[in-house]
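Take a look at the letters that make up each chain.
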Amino acid sequence: MIDLKRLRADPDHFKRGARDKGIEVDIDRLLELDGQRRTLLAGQEAGRAEQKKLGKEIGPQIGALKRQLKEATGKDRTALQDSLRALEQRPLALKAEIQAYDERIAEIEPPWRHLWLEVPQPADPDVPIGGSPAENVEVRRWHPDWFDPARGFRSNKGFDPRTHLELVKDLKLVDFERGVKMAGTRQYVLTGDGMRLQQAVLRMALDLVAGEHGFTPMSVPVLVREECMVGTGFFPAGRDQAYHVAESQRGAGHDLFLVGTGEVGLMALHADEILDEAQLPLKYATVSTCFRREAGAAGRDTAGLFRVHQFEKVEQVLICRADEAESRRWHETMLGIVESLLKRLELPYRFVQCCTGDLGPKNADMIDVECWMPGRGDDDADGRPTGAWGETHSASRLYDYQCRRLNLRYRDAGGKTVFCHSLNNTVAACPRILIPILELYQNADGSITVPEALRPYMDGRERIG
RNA sequence: GGUGGGGUGGCAGAGCGGUUGAAUGCGCCGGUCUUGAAAACCGGUAGAGGGCUUUGCUCUCUCGCGGGUUCGAAUCCCGCCCCCACCGCCA
């Protein structure tokens, strides 16, 4: 969430930020509620201060009188009761006053809090302003010697490509029909070498980020409390995207939600903690199952492995000191890890600077990594796909937006508690990353060459099919 | 799932409903002493929000979380969450 002090000081900054991201939030209403709340709080606190003072003054007197009352009879009793009543008059009036404040605050706080959570983090000034992914800006690209996306598949490999959909069917790597039978649309079964290939990619990615780059590998819950989803910034905006396990309907005290990314478990791990500055940065990686409802994506990428409800992902997160330069450096470092993965896999890729409209509420900056997928894109005159870039990774820089929500802080050299900065980045998302691998490494005879970097994870095998 | 016990500061551990935001011990920080260190002694040691004459003073909230009783709740009542023990079930 954003810093309310900054919002009060410069509302236009946040209004602009929301507008640039195409997110509707009534900031004027939030400021109004905030002002009301602060006024009420001041009144409530003044009342309580007096109540405490009074309690110390006349509390012991009341206690003494009540003790006397127990033994007293007749006239004494009436007199004692009268003085008791007189003594209690002021605190009773105060009590009513404070309760009135409490009620009004209780009315205001839920909408105030909800609006506060909805205010997006403004994008950094160097993020291009735009409304849709079409306005994202390519930053750089790379391709191996043996495949230049600019030239088209045939001139690179000497034959026309099949799409990954055709390849997995021919080679029996995926069973879509039975996946759908069991679990509905966008479900699939990886079979045999399809599963082996996926495991090879995941393990290679985890070894890279954990083994070579010092990210601690973790296994974290994928079924979490709502607080984790709100804390990591996926709720309330992305509530529709998450599967909701309504355990409260069968008597449990709280519901659970299936995470859409391992980032949730890795980031929520340290919620409500105050870390030592010396512990930072925290570098974590996980391989986890991810669940997405894909609400609003009906009809988009329905065929194949591109957009599915359940998938496996190696994710890296980093929690560091609240220093812009440092978190920018880590962003580059994490992107560098992805780059080395894709170079080892020899997959043509490009980095894309996402525009404001593509960032989502929580990010100040986001770089997408796209791989060349020969089976995507428009068809040519012969009805063959011409290929297109497809998003496989996404690297976000969040400043302290996420850590504020998670209440995740550290104590700096001066002893102050400061919200940490956080970053996250895909290392490898499966089965999506299998698409460029299968399509680029396909051979004229319909087989797939196993990328060299994956062979150690595939019992040394050189081809599938 | 059943039964029982329990959640208090960095940790351990007290706390008849009334100056208890919290004794005591440990740890940590500063000081005295010392050639240096240890010991001993003295002092200080939670977080959040607000106000001001803004590096200090002051107010409010926080004893798992939420609600209730009360003039007043760490203390009494209710709900929830979590932990521990034993039993049952189980990869």
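Just so it is clear, the model here is predicted, and its values are computed rather than measured.

Rules of the game
Residues numbered from 1 in each chain as written. Chains lettered and ligands numbered in written order. Predicted model: local features only at pLDDT ≥ 70, side-chain atom pairs only at ≥ 80, totals over all residues. Heavy atoms only, no water. Helix = DSSP H or I, 4+ residues; strand = E, 2+ residues; numbered from the N terminus. Rg over C-alpha atoms; globule rule 2.2 N^0.38 Å. Buried < 20%, exposed > 50% of the residue type's maximum accessible area, 1.4 Å probe, protein only. Contact = heavy atoms within 4.5 Å. Salt bridge = Lys/Arg side-chain N within 4 Å of Asp/Glu carboxyl O. Expected span 1.5 Å × (residues − 1). Bend = angle between axes of the 7 residues up to and from the residue. Core = buried A, V, L, I, M, F, W, Y, C linked by side-chain atoms within 4.5 Å. Phe/Tyr/Trp six-rings, centres within 6.5 Å; stacked < 30°, edge-to-face > 60°. Lys NZ or Arg CZ within 6 Å of the ring centre and 35° of its normal. Patch = residues over 30% accessible without salt bridge, like charges linked within 9 Å, V, L, I, M, F, W, Y side chains within 5 Å. Areas by Shrake-Rupley, 256 points an atom, 1.4 Å probe, with all protein chains shown as cover. Lys, Arg positive; Asp, Glu negative; His and termini not counted. Charge placed at Lys NZ, Arg CZ, Asp CG, Glu CD. Polar contact = N/O pair within 3.5 Å; in protein donor to acceptor, adjacent residues only side chain to side chain. Pairing = 2+ DSSP bridges. Axes fitted to C-alpha atoms, helices over the stretch in contact; angles between N-to-C directions. Near = heavy atom within 4 Å. Nonpolar A, V, L, I, M, F, W, Y, C, P; charged D, E, K, R; others polar.

**A word on the overall build of chain A**
Inference 1: Summing up its helical and strand segments, chain A has 13 helices and 18 strands in all.
Inference 2: For a compact globule of 465 residues, the expected C-alpha radius of gyration is about 23 Å, and chain A comes in at 29 Å, more than 25% above that figure.
Inference 3: With the principal axes as the frame, chain A shows a C-alpha extent of 110 × 45 × 45 Å.
Inference 4: Burial statistics for chain A: of 465 residues in total, 48% are counted as buried.
Inference 5: Once local pairs closer than 6 in sequence are excluded, the contacts in chain A between residues at least 24 apart make up 71%.

**A look at the pattern of salt bridges**
Think of it this way: side chains of opposite charge can pair up when their charged atoms draw near.
Inference 1: Inspection of the entire model under this criterion finds 32 salt bridges.
Inference 2: We note a salt bridge from K15 to D28, for which the minimum N-O separation is 2.8 Å. With K15 in helix α2 (residues 11–21) and D28 in helix α3 (residues 27–71), this residue pair connects regions lying 13 residues apart in the sequence.
Inference 3: With relative accessibility at 25%, the residue K15 sits in the partly exposed group.
Inference 4: A salt bridge links D301 to R307; the shortest N-O distance between them is 2.8 Å.
Inference 5: Taken together, the shared-partner salt bridges in this structure form one network comprising D124, D126, E324, R328, D365 and R397.

**Considerations on helix α4 (residues 74–118)**
Inference 1: An ideal rise of 1.5 Å per residue puts 66 Å on 45 residues; α4 measures up with 64 Å between its terminal C-alpha atoms.
Inference 2: Of all the bends in α4, the greatest reaches close to 40° and is centred on Q89; the proline P91 follows between one and four positions later.

**Considering the nonpolar core**
Inference 1: Ranked by internal contacts, the top residues of the largest apolar core, which has 65 residues, are V209, L347 and L454.
Inference 2: The element best represented in this core is helix α8 (residues 193–212), accounting for 10 residues.
Inference 3: Discounting chain neighbours no more than four positions away, the residues touching V209 are G214, F215, A285, V314, Q316, I337 and V427.
Inference 4: Judged by nonpolar contacts, the second largest core, of 23 residues, contains M229, V264, L266 and L408.

**Overview of the packing of aromatic side chains**
Inference 1: Going through the model one piece at a time under the given rule, you end up with nine aromatic pairs.
Inference 2: Seen in terms of ring centroids, W112 and W116 are 5.2 Å apart; in terms of plane orientation they differ by 45°. Their pairing is tilted. Of this pair, W112 and W116 are both found in helix α4, four residues apart, which corresponds to roughly one turn of the helix. Summarising the burial analysis for this pair, W112 and W116 share the class buried.
Inference 3: The positively charged end of R37 is found above the aromatic ring belonging to W112, 3.9 Å away from the centroid.

**Notes on a negative patch on the surface**
Inference 1: Judged by side-chain charge, D378, D379, D380 and D382 come together as a negatively charged surface patch.
Inference 2: By secondary structure assignment, the location of D379 is in the loop between β12 (365–373) and β13 (388–397).
Inference 3: The exposure class of D379 is exposed, given its relative accessible area of 51%.

**Focus: the side chain of N425**
Inference 1: As for its placement among the helices and strands, N425 is situated in strand β16 (residues 421–430).
Inference 2: Looking at N425, the relative accessible area reads 0%, which means it is buried.
Inference 3: A polar contact is formed between the side chain of N425 and the backbone oxygen of M334, at a distance of 3.2 Å.
Inference 4: Setting aside anything within four residues of it in sequence, one finds N425 in contact with E315, Q316, M334, L335, V338, S394 and A395.

**Concerning the sheet that holds strand β8 (residues 274–276)**
Inference 1: Reading across the sheet, the three strands line up as β8-β14-β15 and stay open at both edges, with mixed pairing between neighbours. Lying at the two open borders of the sheet, with one neighbouring strand each, are β8 and β15 (417–419). Here the strands of the sheet are splayed against their neighbours by 40° on average, with no regard to which way each runs.
Inference 2: Alignment of strand β14 (residues 409–411) against β15, held across three bridges, turns out to be antiparallel. Across the sheet, R409 pairs through a bridge with F419, a residue of β15.

**Points about the protein's contact with RNA strand B**
Inference 1: In the vicinity of RNA strand B there are 23 residues, among which P91, R225, G253, R411 and T417 approach most closely.
Inference 2: In this structure, R225 approaches RNA strand B through a side-chain N or O atom, which is 2.8 Å from a sugar or linking oxygen.
Inference 3: Take R409: an N or O atom from its side chain is 3.2 Å from a sugar or linking oxygen of RNA strand B.
Inference 4: For the surface near RNA strand B, the secondary structure elements donating two or more residues are α1 (4–9), α3, α4 and β14.
Inference 5: Looking at the surface near RNA strand B residue by residue, the class counts come to five nonpolar, six polar and 12 charged.

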